[in-house]
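One-letter residues, chain by chain:
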Amino acid sequence: MDIRNWLTEQKKKDLLRQLTPVERQPEGQVVVPGHAGGWLLDFSSNDYLGLTCHSGLIAQSRQFLELAGCGAGAARLMSGDLAMYHLLEEEVAQLKGQEAALLFGSGYLANCGVIPALVGRNDVIFADRLNHASIYDGCSLARARLVRFHHNDLNHLEELLGKHRGTGEALIVVESLYSMDGDRCPLPELVRLKEKYNCLLMVDEAHATGVFGENGGGIIEEDGVADRVDVAMGTFGKALGSYGAYVAASRTMIDFLINRARTFIYSTGLPPAVIGASLAAVRIIRQEPHLRRDLFAKVEYFKAALAEKGLTNLGPSQIVPIMIGQSSRAVQIAHALRRQGIFATAVRPPTVPEGTARLRFSITRHLSHEALQHAASQLTTALSSG
Ligand SMILES: *Cc1c(COP(=O)(O)O)cnc(C)c1O
C-alpha cells in the first residue's frame, strides 16, 4: 500500500479522520483553537453526567495521587496490586449487582482480554452486528468461530443458535446501549436465549453505566437481570468521567479472568489518581440519582425541540443519531454546524455500515436549554439546505 495515496483517497471519499485539538470547558463546551467563534457547544462528548470536572472526583483523585504516587509501578500480579484497586472493585461489584469485579486499563483492553479468555478455537461467538470495534477485536483474538446476527434481531439470533451452537463453549456478546444508534438491546430476551442454548452472555455497558438503572448500575440493573448475565463489562471513561474499565461477574469468573485475561495480566495497573476519580464517580452515581434525572430532562427537551421540527423516532437514550446516509453530506452538515458553534461528530464507515453515515448528538447534563434549542434549530436548518 502506498501510504500517501491511501491518505489522498480517504480524503477524496470524505473518510479521512483528523484530530481536532480542543480545550475542555467545565460546562459542556469545548474551545477549538483557531475557530472564529471561540468556544463550541460540545455534542460529541460521552461525559453524560458532567463528572469529568466534578470537584468530588478531582479531590479524591488528588488525594490518591498524594497517597500513592503517579503510577502503580508494576502489573498487579507482580508488586503493583494496590489496596485501592480492591476497594474500587468491591464498590463496582455492588453497583453492578455482582459478586466481584476486575479492573482493566481501558474498555478496549477489557474486551480484548475477556473474550479470548472465555472462548477459543473450538468455540463459537454470537455477536450483534453493531457491536463496538473493541468487541470485534476481542473476537479476532479469541480465534473462535464468529457468527454475527442482525442488530437486535432475536429471531435471527435464535436461528443462528439453532444452526451453529455446536458442542463447545458459546458466548453471546452484545452492548446494552449501542453507541452509534442509541438504542437498547432486548436484554431479558437475550438472557432467555442464552439460558435455553446454554451460552455465556457478556454485556458491554459502556454507555449505560451511570445513566440507566435506579442506582446507575446500567441496563442490567434496570431490566433486573444482573444475576443472569455472566459478564458485565463497562468503562470509567464515559458517564463516570474518569478512565479505565471494569468487568463485573461471579467470584469464580473473576478468579478465572485474573488467570486468563492477557490484557489484565501483562499490563501495568491503573494510576492512583485515576482510581481516586473512578471511586468518587461510582459513589456519586449511586448517591446522586438527580444527576440522571437532570440528564434525561435535557434529553427529553432536545428531542421535543427536534420533534417540533418534524424529526421524530430518535430513540430511548442520551445518544441521538440523525441519519444522513452519505458520508460527504454528513461531513458537510457537521461543518455547517461547527460554524454555528455546535460540535457534533459525523460518524462514517467503517464505524457504521456503508450508507448510514450520521450525525451523532450526545447529550450531556451541562448543556443548557438554550444550547439544546440552538442546536435543534441549527440542525434542522442545515438539514433542509443543500
Ligand atoms: C467506548 C467503548 C469501549 C471502549 O472503552 P474505553 O474505556 O474508551 O477504551 C468499549 N465498548 C463500547 C461499546 C464503547 O462505546
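Refer to the structure above for everything that follows.
Let me sum up the structure you'll find in this document. Predicted, not measured: the structure shown is a model, and the values here were computed from it.

## What about the pairing of strand β6 (residues 145-149)?
- Here strand β5 (residues 124-128) runs beside β6; their pairing, made up of five bridges, is parallel. Each bridged residue has a counterpart across the sheet, and for A127 the counterpart in β6 is R148.
- Once the chain exits β5 it traverses helix α5 (residues 133-142) before rejoining the sheet at β6, and the crossover so formed is right-handed.

## Re unusual backbone geometry
- Each neighbour pair has its own omega, and for P349 with P350 the value is 10 degrees, a cis peptide bond.
- Position of P350 among the secondary structure elements: in the loop between β13 (345-347) and β14 (357-362).
- Even without being glycine, N198 reaches a positive phi, approximately 50 degrees.
- One can find N198 in the loop between α7 (187-196) and β8 (200-204).
- One non-glycine residue, N313, lies in the positive phi region at around 55 degrees.
- On the secondary structure map, N313 appears in the loop between α12 (290-308) and β11 (319-325).
- Its relative accessible area of 78% is what places N313 among the exposed residues.

## So, the sheet that holds strand β4 (residues 100-104)
- Judged by pairing direction, the sheet is mixed, and its seven strands sit side by side in the order β4-β10-β9-β8-β7-β5-β6 without closing on themselves. On the outer flanks of this sheet lie β4 and β6, each paired with one strand and no other. On average, adjacent strands in this sheet sit at an angle of 20 degrees to one another, irrespective of strand direction.
- Relative to the sheet, helix α3 (residues 83-95) contacts β4 and β10 (245-249), its axis offset from that of β4 by approximately 125 degrees.
- Along the sheet face, α7 touches β7 (170-175) and β8 and points at about 155 degrees away from the line of β8.

What counts, and at which threshold
Residues numbered from 1 in each chain as written. Predicted model: local features only at pLDDT ≥ 70, side-chain atom pairs only at ≥ 80, totals over all residues. Heavy atoms only, no water. Pairing = 2+ DSSP bridges. Helix = DSSP H or I, 4+ residues; strand = E, 2+ residues; numbered from the N terminus. Right-handed = clockwise from strand over helix to strand, strands pointing away. Buried < 20%, exposed > 50% of the residue type's maximum accessible area, 1.4 Å probe, protein only. Axes fitted to C-alpha atoms, helices over the stretch in contact; angles between N-to-C directions. Contact = heavy atoms within 4.5 Å.

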